[in-house]
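Examination of the molecular architecture
Listed below are the residues making up each chain.
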Amino acid sequence: MTASPTVRWLWLSVAILAADRASKLLIEMFTNESFHHTLVPGVVTLVHAHNPGMAFGLLADSGTKWVSSLLIVSSIAVIALLAWLLLTG
């Protein structure tokens, strides 16, 4: 019995997400904040950096907790919707 193409894409997405999170965790654990290493000159550089806000540091200066909670809840809702759409076709 073979898995449907949809399920294969879902597992590939999960694997890529896990690899992304693992690589970020390793960089944070084993490098200091000034770390940078060129992998492909002029194209790819590995950098240890912190972004306290969402995309491009937006709302980084916001001191309210509801913004973070709202972003987390909306992200979970979007992920659930996309998973449902992938699984139901």
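Just so you know, these numbers come straight off a predicted model, no measurement behind them.

1. Overview of the pattern of salt bridges
Applying the stated criterion across every chain yields a total of 1 salt bridge. Ionic pairing is found between Asp-20 and Lys-24, a salt bridge with its closest N-O pair at 3.2 Å. A residue pair is termed a helical-turn pair when its members lie 3 or 4 positions apart in one helix, as Asp-20 and Lys-24 do in helix H1 (residues 5-30) at 4 residues. A relative accessible area of 31% places Asp-20 in the partly exposed class.

2. Considering helix H2 (residues 65-88)
When the terminal C-alpha atoms of H2 are compared, their 35 Å separation across 24 residues agrees well with the 34 Å that a helix rising 1.5 Å per residue should span. Two residues or fewer past H2, Gly-89 is found with a positive phi of approximately 75°.

Definitions and cut-offs
Residues numbered from 1 in each chain as written. Predicted model: local features only at pLDDT ≥ 70, side-chain atom pairs only at ≥ 80, totals over all residues. Heavy atoms only, no water. Salt bridge = Lys/Arg side-chain N within 4 Å of Asp/Glu carboxyl O. Helix = DSSP H or I, 4+ residues; strand = E, 2+ residues; numbered from the N terminus. Buried < 20%, exposed > 50% of the residue type's maximum accessible area, 1.4 Å probe, protein only. Expected span 1.5 Å × (residues − 1).

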